[in-house]
Amino acid sequence: MRNHSKKLANLLLASFLLLAGCSQQENTGNEKQALQSFNPQKARVFVTAKDTSLRMSDVGEFAFQSVDQPLEIQPFVFIDPSKTFQSMEGIGAALSDASAETFYKMPEATRQQILTSFFDPKDGIGYDFARTNIASCDFSSASYNYVEENDSLLSTFNVKHDEKFRIPFIKEAIGAAGGKLKLFVSPWSPPAWMKDNNNVLRGGKLLEQYKQPWANYYVKFIQEYEARGIPVWGLSVQNEPMAIQRWESCVYTADEERDFIKKYLGPTLHNSGMSDKKLIAWDHNRDQIFQRASTILNDPDAAKYVWGIGFHWYEPWTGGDMQFKNVKLVNDAYPETKLVFTEGCVEKFDLNRVGDWTLGERYGYSMLNDFNCGTVAWTDWNIILDETGGPNHVGNFCFAPVHANTQTGELIFTNSYYYIGHFSKFIREGAKRIAASSSRDDLQTTAFKNPDGSVAVVVLNLSEKEYHYLLMIGEKATKLQSLPRSIMTIVM
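Now for a look at the structure at hand. (Residues numbered from 1 in each chain as written. Predicted model: local features only at pLDDT ≥ 70, side-chain atom pairs only at ≥ 80, totals over all residues. Heavy atoms only, no water.)

## As for the sheet that holds strand β10 (residues 308-312)
At step 1: If you trace the eight strands once around the closed barrel, you get β5-β6-β7-β8-β9-β10-β11-β12, paired in parallel fashion. Sheet twist, expressed as the mean angle between neighbouring strand axes with direction ignored, is 25 degrees.
At step 2: Pairing between strand β5 (residues 90-94) and strand β6 (residues 129-134): three bridges, direction parallel. Residue pairing in the sheet places Ala93 in a bridge with Ala130 of β6. (Pairing = 2+ DSSP bridges. Helix = DSSP H or I, 4+ residues; strand = E, 2+ residues; numbered from the N terminus. Axes fitted to C-alpha atoms, helices over the stretch in contact; angles between N-to-C directions.)

Rendered as structure tokens:
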């Protein structure tokens, strides 16, 4: 990570007051046993804050001491490791055509910095989850597919297009992640001749006579990537199946997606020896997630093939807030089905906005609430983009956590990188979410217990207020400070 102002960090350290010892209360039964099994003496704190130089900065260790019941005037965050919820699959981003092309336009030393910054769990933020596109998407330099016109037998199928940038980029990412990176794949559109609008762009629907060839297409893609040393962990049925976009898109109603899964894609995966691939339905916004999940998962013949429901964060385009309640409803109604955040980015790129603090805050707000609603994996959209917010063949330029200036070789780290890192670096695969509550609405929180026994607590402050609060576990606490417009991770 970058070096930052020691002076400011020391000022912050000085403001973290240790709490004096107080009398203890007794715990009984399972609660006492669980709390005794996790009895931290110290917590290490990492902070990112607006109007400071703190960027995932280690501000030191703080001791736990005994406490009484806090008063109503004392803000606190309370953690109970004995109450556990979902297990984490991973956190990461899309390794798109645009990201791969941008990556290889940079000097070799800068490329290594990119890989370390994202995938190294010690010197970076430890991504262990990824997505990539099947054929072209908006973040490709042009539209393309893998077969010749009207080849319904797929005898001409090849992924030669991807061998220039995307396949080597994904392989380098896997290496940087220590050889283990869960990758899922998503199509934006079938070939034009398989659709009723004869166009990969602007929606359209898959024609009935091509549903089986299209199901075979997923299998061919997975086979070709795995033959090149890229394991595929899972796949989604269709990116944004209710959106008629000016870029690659294909529309499925809930009934149509259900029927395609149960009649074609599910059986094809099973019969091809790919029943272990994690199949993710929906892959669109939170607004319609429950209606889509209900339609598909209430049909046993479709549900048996579906591992998870994926979702995006763009529903505020209609007005209002992110609809986390719909994600929670899916989790409550179908607890055996996994929830995966499959895409999110800040749209309408403007180079003058790369320092905008709200970029990262959107990530922190979404990630924390998605996890608290039962989400098991979280995927950013493009991992890197260039100085234009592309390349993109339809002018749909967007922000990424890191922008690479292909003219100067410079990397621009937006605060999104650090906000994501407050989760991805400290919450690892296999971590279980544990109970975490806050006595103040401004202090939003989530917490996970990692497989190594460590606990990571994230506290997000979107307000302009500074809070001195207790971090409590059982009858012990340490007194911490939440700066205005900040995010902090406390590791015990």
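## With respect to the pairing of strand β4 (residues 76-87)
At step 1: Examined bridge by bridge, β4 and strand β19 (residues 467-473) share four bridges and lie parallel to one another. Counterpart to Phe76 in the pairing with β19 is Leu470.

## Focus on the packing of aromatic side chains
At step 1: What the rule picks out here adds up to 38 aromatic pairs.
At step 2: Plain terms: the ring middles of Tyr104 and Phe165 are 6.3 Å apart, the flat faces sit at 25 degrees to each other, and that makes the pair stacked. Here Tyr104 is found in the loop between α3 (97-103) and α4 (108-119), whereas its partner Phe165 is found in the loop between β6 and α5 (166-176), with 61 residues between them in sequence.
At step 3: Residue classification places Tyr104 among the partly exposed positions, given a relative accessible area of 22%.
At step 4: For Phe165, a relative accessible area of 23% gives the class partly exposed.
At step 5: Grouped by ring-pair contacts, the aromatic residues Tyr144, Tyr146, Phe157, Trp214, Tyr217, Tyr218, Phe221, Tyr225, Tyr252, Phe260 and Tyr264 constitute a single cluster.
At step 6: Stacked on the ring of Phe103, the Lys or Arg Arg111 has its end atom at 5.9 Å from the ring centre.
At step 7: Positioned above the aromatic ring of Trp313, the side-chain terminus of Arg362 is 4.4 Å from the ring centre. (Phe/Tyr/Trp six-rings, centres within 6.5 Å; stacked < 30°, edge-to-face > 60°. Buried < 20%, exposed > 50% of the residue type's maximum accessible area, 1.4 Å probe, protein only. Lys NZ or Arg CZ within 6 Å of the ring centre and 35° of its normal.)

## Quick notes on the pattern of salt bridges
At step 1: According to the stated counting rule, one finds 30 salt bridges in the structure shown.
At step 2: In this structure, Arg166 engages Asp97 in a salt bridge whose closest nitrogen and oxygen atoms are separated by 2.8 Å. Of the two residues, Arg166 sits in helix α5 while Asp97 sits in helix α3, which places them 69 residues apart along the sequence.
At step 3: The class of Asp97 is buried, set by a relative accessible area of 8%.
At step 4: Of the charged contacts, one joins Lys328 and Asp332 as a salt bridge, the two residues approaching to 2.8 Å between their closest N and O atoms. Of this pair, Lys328 and Asp332 both sit in helix α10 (residues 324-333), four residues apart, which is roughly one turn of that helix. (Salt bridge = Lys/Arg side-chain N within 4 Å of Asp/Glu carboxyl O.)

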